[in-house]
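Coordinate analysis (summary)
Below, each chain spelled out in residue letters.
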Amino acid sequence: MSRPGTTEQRSLAHWAEDGRAGMEAFYALAIEDYRQMVAARDWAADLRGHAAEGRVRVLDVACGSGKFPAELQRRGLAEAVAGTRVEIDLLDPSPFSIAEARSVLAAPFAVRAEHEVRIQDLPTGVGAFDVAWATHALYAVPPEEIGAGIARMVGAQRPGGFGAIVHATSASHYLRFAEAFRTTFAPGSVPFTSAGQVRAALAAAGVAPAVTTLRYDVGNADRATVEGFLQRCVFDDSVPLERMEAEGGVGAYLAGCHDGDGYRFSQVVDVITWEVAA
Ligand SMILES: C[S@@+](CC[C@H](N)C(=O)[O-])C[C@H]1O[C@@H](n2cnc3c(N)ncnc32)[C@H](O)[C@@H]1O
């Protein structure tokens with residue numbers, strides 16, 4: 001079904017119960033994003049290193065369905081932070097996403113609060129977090145509003161707090177496909193926000209981040225799964241795979257992603273981390 005509205009509105013329409021099938025097709029491939037980012041650094045050390053009196057307070061920005069904390073749990077976070085209580089606030093404008101994330105959280109996480117708002121709208125009274133992260137989370141925030149969103153995220157951290165944003169670059173499948181789809185099928189739609197724009201917004205917010213770039217491929221041979229993945233990538237399920245393969249810039253892009261019987265997509269993802277000045 002075609003969905004009207006801005007990219008952010010279409011994102012929200014998909015992060016709902018009737019978007020569950022699309023979400024599941026998406027994560028058949030996108031689960032690799034979470035494996036890669038969790039393996040990329042010692043997140044337990046980040047949490048332990050910013051704890052005080054045996055607890056660390058975390059803000060999970062655009063928590064989605066909780067794939068990042070779920071992968072941390074799967075990789076043994078509870079043992080790695082033993083003795084530290086990880087109190088997590090879930091932020092997402094979608095009540096569906098907050099409920100999904102809450103349902104997957106287990107030790108060492110304990111949900112402290114929920115904020116059903118866009119990051120741009122987080123009230124200034126919510127703050128003093130030891131850690132704030134946003135993982136594959138900010139693509140649908142309009143580029144002209146990402147500065148306000150990042151300023152709010154940084155403003156919600158305590159002095160000396162740790163921040164992380166994991167976000168695809170313009171060289172990555174997510175951004176390349178979204179741009180090809182926009183020019184071919186949805187010329188009036190709002191572009192996705194890129195890692196470069198996130199980094200510029202962080203600089204404007206006064207933090208000097210460190211960046212590590214991850215490169216990996218995700219693939220699948222099942223056409224229905226690939227179609228669901230691609231449609232969810234752009235929050236638009238109105239264009240079937242056959243049409244994407246046949247038309248304009250999307251057709252040209254997909255022609256370069258064939259891998260034997262199926263498709264492989266190249267991801268180039270920045271892991272952006274910082275500490276707020278103490
Ligand atoms: C791909 S999910 C994030 C994945 C998540 N970090 C995880 O670990 O599974 C993207 C989320 O961004 C949310 N979102 C969309 N616009 C937003 C905004 N302006 N501010 C905060 N969250 C937003 C959507 O509702 C959705 O739940």
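Counting of residues starts from 1 at the beginning of each chain's written sequence and follows it residue by residue. In keeping with the model being predicted, local features are shown solely for residues with a pLDDT of at least 70 and side-chain atom pairs are shown and tallied solely at 80 or more, while totals for entire chains, interfaces and linings include all residues. Hydrogens are left out, water is left out, and the side-chain values use all remaining heavy atoms of the structure.

**Here we look at the packing of aromatic side chains**
Side-chain rings of Phe, Tyr and Trp (the six-membered ring for Trp) are treated as a pair once their centres are within 6.5 Å; stacked means planes under 30 degrees apart, edge-to-face means over 60, and tilted covers the remaining angles. For the structure shown, the criterion picks out 17 aromatic pairs. Among the aromatic residues, those joined into a ring-pair cluster are Phe 26, Tyr 27, Tyr 34, Tyr 139, Tyr 174, Phe 192, Phe 229, Phe 235, Tyr 263 and Phe 265. Two conditions define a charge located above a ring, namely a distance within 6 Å from the ring centre to NZ of Lys or CZ of Arg, and an angle within 35 degrees of the ring normal. Above the ring of Phe 129, the side-chain terminus of Arg 57 is found at 4.6 Å from the ring centroid. It is Arg 232 that lies over the ring of Trp 15; its NZ or CZ is 4.4 Å from the centre.

**Looking at the site of the ligand**
One heavy atom within 4 Å of a molecule or strand makes the whole residue count as near it. With respect to spatial proximity, 25 residues lie near the ligand, and among them Glu 8, Lys 67, Asp 92, Ser 97 and Thr 135 are the closest. One of the backbone nitrogen or oxygen atoms of Lys 67 is found 2.8 Å away from an oxygen atom of the ligand. Two N or O atoms count as a polar contact when they lie within 3.5 Å, although within protein this holds only if one can serve as hydrogen donor and the other as acceptor, and sequence-adjacent residues are included solely when both atoms are side-chain atoms. Asp 92 places a polar side-chain atom, nitrogen or oxygen, 2.6 Å from an oxygen atom of the ligand. Its free accessible area being 610 Å², the ligand has 96% of it covered by the protein chains. Secondary-structure elements contributing two or more residues to the shell around the ligand are α1 (7–14), α2 (20–40) and α4 (67–74). Working definition of accessibility: Shrake-Rupley area with a 1.4 Å probe, residue cover restricted to the visible protein chains. Numbering of helices and strands starts at the N terminus; helices are DSSP runs of H or I of at least 4 residues and strands are runs of E of at least 2.

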